[in-house]
Amino acid sequence: MIQPQKHLNLNICVLRISALVLAHLRRQRVEKFPTLLEKTKAVVGADAEILFLPAVNLLFLLGRLAYHPHTDIFEYLEPADVKPATS
């Protein structure tokens, strides 16, 4: 479980970087890896470089982005429709 700690700086944490990446990808739909990293570093600063990959991993695990290695591009994925379970 991801929980904030007492000394966690909320301006530079994986959750904030993930939110920034997701917001940018939602507007652009696709973005090259270096461009997305530079846009994130422009908002957060140099600390974004350390937290960028864990943030991208989190979004990938949540199914919110796809990475295409042959073009080095991230693609925004719409959230899947959640259907209620029938009993």
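The coordinates are above.
Residues numbered from 1 in each chain as written. Predicted model: local features only at pLDDT ≥ 70, side-chain atom pairs only at ≥ 80, totals over all residues. Heavy atoms only, no water.

Asker: What exactly am I supposed to notice about the overall build of the chain here?
Answerer: Counting secondary structure elements, the chain contains three helices and three strands. In the chain, the order of α-helices and β-strands from amino to carboxyl end is α-β-α-α-β-β. Counting all 87 residues of the chain, 29% fall into the buried class. Counting contacts in the chain only where the partners sit at least 6 residues apart, residues at least 24 apart contribute 55% of the total. (Helix = DSSP H or I, 4+ residues; strand = E, 2+ residues; numbered from the N terminus. Buried < 20%, exposed > 50% of the residue type's maximum accessible area, 1.4 Å probe, protein only. Contact = heavy atoms within 4.5 Å.)

Asker: Please explain the packing of aromatic side chains as it appears in this structure.
Answerer: Aromatic rings considered in pairs are described by the distance between their centres and by the relative angle of their planes. Scanning the entire structure with this criterion turns up four aromatic pairs. The interplanar angle of 50° and the centroid separation of 5.1 Å between the aromatic rings of Tyr67 and Phe74 together place this pair among those described as tilted. Tyr67 sits in the partly exposed class, given a relative accessible area of 35%. Assessed through its relative accessible area of 3%, Phe74 is described here as buried. Of the aromatic side chains, those joined through ring pairs into one cluster are Phe33, Phe52, Tyr67 and Phe74. (Phe/Tyr/Trp six-rings, centres within 6.5 Å; stacked < 30°, edge-to-face > 60°.)

Asker: Got a minute to help me understand the pattern of salt bridges in this structure?
Answerer: Any two side chains of opposite charge can pair, so long as their charged atoms come close to each other. The final tally for this structure, using the stated rule, is three salt bridges. Residues Glu38 and Lys41 are paired through a salt bridge, measuring 3.6 Å at the closest nitrogen-oxygen approach. On the criterion of helical spacing, the pair formed by Glu38 and Lys41 is a turn pair, its members being three residues apart in helix 2 (residues 33-44). On the basis of relative accessible area, Glu38 is assigned to the partly exposed category, the value being 45%. Residue Lys41 is classed as partly exposed on the basis of its relative accessible area of 23%. (Salt bridge = Lys/Arg side-chain N within 4 Å of Asp/Glu carboxyl O.)

Asker: Looking at this model, I keep getting lost on unusual backbone geometry. Mind explaining?
Answerer: What you tend to see is this: most non-glycine residues have negative phi, and most peptide bonds are trans. Non-glycine residue Arg29 carries a positive phi angle of around 75°. Relative to the elements of secondary structure, Arg29 occurs in the loop between helix 1 (14-28) and strand 1 (30-32). Positioned with a positive phi, Asp72 is a non-glycine residue whose angle comes to about 55°. Mapping Asp72 onto the fold places it in the loop between strand 2 (65-68) and strand 3 (73-76). Residue Asp72 is classed as partly exposed on the basis of its relative accessible area of 28%.

Asker: Hey, could you run me through the pairing of strand 3 in this one?
Answerer: In regular strands, side chains alternate between the two faces of the sheet. Sheet topology note: the strand 1/strand 3 ladder contains three bridges and is antiparallel. By the bridge assignment, Glu31 is partnered in strand 3 with Phe74. Note: strand 2 against strand 3, four bridges, orientation antiparallel. Bridge pairing links His68 to Ile73 in strand 3. Remark: four residues form the turn of the hairpin made by strand 2 and strand 3, two consecutive strands paired antiparallel; Asp72 in that turn has positive phi of roughly 55°. (Pairing = 2+ DSSP bridges.)

Everything listed is a geometric property; what it means functionally is a separate question.
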